[in-house]
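# Structure at a glance
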Amino acid sequence: DARPGETTGRSDTMILLTLDAEHNCIKLTSFMRDLYVEIPGRKNNRLNAAYVFGGPDLLMRTMKKNFGIEVDHYVAVNFSILADVIDQLGGLVIDVPEEYLPRINAVIYQDNLVLGLPDTDGYIQEAGEQLLTGKQAQAYARYRYGTPDGDFGRTVRQREVVLKCLEKIKNLSMTELVQLAINNLDSVSTDMSVIDMITLAPA
């Protein structure tokens with residue numbers, strides 16, 4: 001959740017992506033940021049604090065310590081890069097619920113404050129199914145206040161956005177897919193090389 005000008009932050013969204021070759025599918029599993037866990041070498045704390053204390057390495061060790069999960073690779077992405085990638089994919093078609101439209105626009109408003117943009121820049125004007133920009137889709141994935149399911153509902157929306165991105169990526173040629181990865185590699189933190197990505201791309 002690092003904002004512009006910040007070098008680190010908490011891992012407020014943690015999704016384990018599993019390439020299931022046996023069933024020829026991708027599985028997404030969300031881990032709630034406020035889970036109270038044992039962080040190796042630290043006092044017990046919320047799961048999202050592990051990233052602040054020791055980056056992806058400590059977070060992966062924490063996942064293994066508490067859940068028995070061996071994570072092979074990580075990709076850390078901040079808010080603004082998510083929006084950029086969605087724009088590069090041409091936006092996402094999402095059904096915006098009318099009752100939460102003000103909540104989504106409130107997230108966009110806060111982003112605009114941080115980025116020094118006009119207050120209402122990029123506001124969603126109406127509810128219903130529509131093509132959202134990266135900024136709008138990101139806000140849809142991030143809002144949580146005023147909803148009965150709170151952070152649980154937010155993880156559902158986050159997986160929805162990731163899956164919609166993957167659906168669009170499936171339509172890219174291998175050349176386009178590699179180019180998309182190369183174009184954004186400097187904007188993310190990962191232990192994967194370009195060769196690793198190319199090897200996994202067919203899956």
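Our structure's up above, just so we're on the same page.
By convention here, each chain's residues receive numbers from 1 onward along its written sequence. Predicted model: local features are reported for residues with pLDDT of at least 70 only, side-chain atom pairs are reported and counted for 80 or more only, and whole-chain, interface and lining totals are derived from all residues. Water and hydrogen atoms play no part in the side-chain values, which are based on all heavy atoms of the structure.

## Points about empty space enclosed by the protein
Only protein atoms enter the 1 Å grid, on which a cavity is a set of points fitting a 1.4 Å probe that cannot get out and a pocket is an open set with protein on both sides within 12 Å along at least 5 of 7 lines, lining residues being those with an atom within 4 Å of a point. Grid points are joined across faces, edges and corners, and a volume is the space filled by probe spheres set on the points. Summed over all chains, the structure comprises 1 cavity of 30 Å³ or more. By volume, the largest cavity amounts to about 50 Å³. Surrounding the largest cavity, Asp12, Thr13, Met14, Phe31, Met32, Arg33, Asp151, Arg154, Thr155 and Gln158 form its lining. Residue polarity is assigned by list, with Asp, Glu, Lys and Arg as charged and Ala, Val, Leu, Ile, Met, Phe, Trp, Tyr, Cys and Pro as nonpolar; anything else, Gly included, falls into the polar class. When its residues are assigned to classes, the lining of the largest cavity shows 3 nonpolar, 3 polar and 4 charged.

## Here we look at the packing of helix α4 (residues 134-142) against helix α5 (residues 150-170)
Only C-alpha atoms enter the line fits that serve as axes; for helices the fit covers just the stretch in contact. Angles between N-to-C directions range over 0 to 180 degrees. Note on conventions: DSSP H or I runs of at least 4 residues are helices, E runs of at least 2 residues are strands, and numbering of each starts at the N terminus. In the contact formed by α4 and α5, the axes pass within 7 Å of each other and the chain directions differ by 145°. Where α4 abuts α5, its residues Ala137, Tyr140, Ala141 and Arg142 lie against Arg154, Arg157, Gln158, Glu160 and Val161. Contact definition: two residues touch when any of their heavy atoms are within 4.5 Å.

## Remarks on the pattern of salt bridges
The salt bridge definition used is simple: a Lys or Arg side-chain nitrogen within 4 Å of an Asp or Glu carboxyl oxygen. For the structure shown, the criterion picks out 12 salt bridges. With a closest N to O distance of 3.7 Å, Arg46 and Asp34 form a salt bridge. Note that Arg46 is positioned in strand β4 (residues 45-46) and Asp34 in the loop between β2 (25-31) and β3 (36-37), a separation of 12 residues in sequence. Relative accessible area serves as the criterion here: at 45%, Arg46 is assigned to the partly exposed category. Ionic pairing is found between Asp57 and Arg61, a salt bridge with its closest N-O pair at 3.7 Å. One end of the pair is Asp57 and the other is Arg61, both in helix α1 (residues 49-67) and 4 residues apart, which spans about a single turn. By relative accessible area, Asp57 is classed as partly exposed at 45%. The buried label applies to any residue whose accessible area, calculated with a 1.4 Å probe on protein chains only, is under 20% of its type's maximum; exposed applies above 50%, and partly exposed to all values in between. Judged by relative accessible area, which is 41%, Arg61 ranks as partly exposed. One continuous salt-bridge network, built from bridges that share partners, spans Asp12, Arg33, Asp34, Arg46, Asp151 and Arg154.

## As for the pairing of strand β6 (residues 92-96)
Going residue by residue along β6, you find Leu92, Ile94 and Val96 tucked away on one face and Val93 and Asp95 left uncovered on the opposite face. Two elements, β6 and strand β7 (residues 128-132), share 5 bridges in a ladder whose sense is antiparallel. Within the sheet, the bridge partner assigned to Leu92 lies in β7 and is Leu132. In this analysis, strands are considered paired if DSSP registers two or more bridges between them.

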